[in-house]
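# Tertiary structure, described
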Amino acid sequence: MSTEQFVQNGAKASLVVVFFAFPTSVALANMALLSTLLFWLLGFCVWSSTRRLTWQAMSNPVASAAVALFAWIAIATMWSPADGSTVLGALQKYMKLLMIPVFIGLLQDPATRGRCWKAFAAAMLLTLVVTWLNVWFDFEWTRTHNQGFGKDHTVFKDRIAQGMLMSFFTVLAAYYARRTPIRTVSLLAWTVAALAASSVLFLSAGRTGYLSLPIALLAFVMFSVGLQARKLALATTAVIAVIAIAFTMSTVLKSRTALAWEEITTSSLTGPVTSAGSRVEMIRFSIDSALDNPVLGHGTGSYAVLAKQHFTDAEWCSVVCVHPHNQFLFFLFEHGLIGLLLFFWFIVAIGRQALREDASRRGLVMAFLAILVVSNMTHSSFWLSTENHFFSLMTALLMAAARPKAQA
């Protein structure tokens with residue numbers, strides 16, 4: 001094996017580790033990501049083949065949008081009221097947008113893409129098994145220690161991230177079940193999909209998962225079935241019926257939904273801090289403040305600075321002064337309409353490419369896009385580590401296999 005091949009294989013192998021690590025361990029994911037970038041940087045500096053793959057990746061529909069969005073985030077540091085460490089921290093969080101062309105270049109090889117899919121699936125299977133076992137057994141290293149049904153069983157990540165990842169894994173298992181020609185494997189995949197969906201609806205208190213799962217399943221069904229009206233109606237009815245039954249049976253889903261509605265309708269800065277209520281106040285503050293500088297925004301890292309001036313209560317500020325729990329409003333607040341439009345470009349690029357794919361793959365990509373939109377409407381997903389890993393890496397993995405326009 002030549003040195004060039006060793007370096008290229010090192011970058012690809014490290015990226016496979018990243019796909020296994022990010023659903024379970026931020027530390028391991030970051031170490032593997034650093035290894036990926038070091039191998040890639042060495043190859044980029046020394047060999048033309050790595051440079052060629054990276055430049056080719058820039059022709060991918062999503063790559064230009066991701067780079068343009070990061071470039072605007074970097075430019076917006078020039079008028080930010082935040083200090084240098086805060087600005088650098090924000091740039092570091094959004095850096096994965098700049099890495100998307102690097103990931104796409106490394107994922108041009110179908111074999112590497114296959115390994116990454118298997119690594120992600122293995123991590124999610126591990127999460128799923130431990131989640132179900134946690135109903136009966138207490139593990140010292142899990143995040144929750146709530147045995148029994150009707151309780152939250154978040155094991156590796158926070159409940160928002162686990163619900164979002166498990167929602168996509170449900171769709172991924174259903175996608176594989178429809179694609180495989182082996183009946184027994186298909187039945188096994190459908191079983192995994194059912195267990196994954198049940199873990200979101202019955203074993204989690206994450207309301208983002210409650211939203212992500214049905215919307216992702218509906219997107220998968222609608223775009224997989226296409227214009228076949230009878231099949232579309234039957235499949236959509238089945239998804240809605242399953243979710244309705246789950247809602248009537250899941251005590252944790254019903255209680256968390258009812259609590260969210262109560263928190264929203266009673267939200268007040270003079271009252272106690274609540275999850276849904278705090279989101280109402282952050283939306284109000286973000287929109288009002290964004291109107292002060294709607295085109296350019298207040299600058300990268302500005303939210304925390306200005307939020308602390310507005311939310312003077314320490315208890316409230318500990319929750320609402322970190323980020324606005326809505327990536328769309330986050331970009332509008334800090335990067336103005338220009339940043340928000342660049343984010344829309346990023347989203348539309350994924351959606352347009354999905355429409356060029358075959359039916360089942362189109363359904364998978366659109367389900368991922370549905371989760372991306374839902375998650376970023378309820379959380380600052382490109383600012384938070386695990387969610388940032390998921391959306392950046394999975395975007396690259398899905399788009400690296402994109403069919404060129406000429407073949408669409």
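Notes on the structure follow. (Residues numbered from 1 in each chain as written. Predicted model: local features only at pLDDT ≥ 70, side-chain atom pairs only at ≥ 80, totals over all residues. Heavy atoms only, no water.)

### Let's talk about a nonpolar patch on the surface
On the surface, Val295, Leu296, Leu337, Ile338, Leu341 and Phe344 cluster together into a nonpolar patch covering about 480 Å² of accessible area. As for its position among the elements, Leu296 is in the loop between helix 12 (275-290) and helix 13 (302-310). Since its relative accessible area comes to 33%, Leu296 is described here as partly exposed. (Patch = residues over 30% accessible without salt bridge, like charges linked within 9 Å, V, L, I, M, F, W, Y side chains within 5 Å. Areas by Shrake-Rupley, 256 points an atom, 1.4 Å probe, with all protein chains shown as cover. Salt bridge = Lys/Arg side-chain N within 4 Å of Asp/Glu carboxyl O. Helix = DSSP H or I, 4+ residues; strand = E, 2+ residues; numbered from the N terminus. Buried < 20%, exposed > 50% of the residue type's maximum accessible area, 1.4 Å probe, protein only.)

### Some details on the pattern of salt bridges
It is possible for side chains bearing opposite charge to pair when their charged atoms get close. As enumerated under the stated definition, the model contains 4 salt bridges in all. In this structure, Asp109 and Lys12 form a salt bridge, with 4.0 Å as the shortest nitrogen-oxygen distance. Taken together, the residues span a long stretch of sequence, with Asp109 in the loop between helix 5 (84-106) and helix 6 (110-133) and Lys12 in helix 1 (residues 3-21) at a distance of 97 residues. For Arg361, the salt bridge goes to Glu357, with nearest N and O atoms at 3.5 Å. Neither residue differs from the other here; Arg361 and Glu357 are each classed as buried.

### Some details on the nonpolar core
One finds Phe19, Phe120, Phe346, Phe390 and Met394 to be the most contacted residues of the largest nonpolar core, which totals 107 residues. When residues in this core are grouped by element, the largest group, 14 residues, is from helix 15 (residues 327-354). Not counting chain neighbours up to four residues away, the residues in contact with Phe19 comprise Cys116, Ala119, Phe120, Leu393, Met394 and Leu397. (Core = buried A, V, L, I, M, F, W, Y, C linked by side-chain atoms within 4.5 Å. Contact = heavy atoms within 4.5 Å.)

This is a description of form; function is not addressed.
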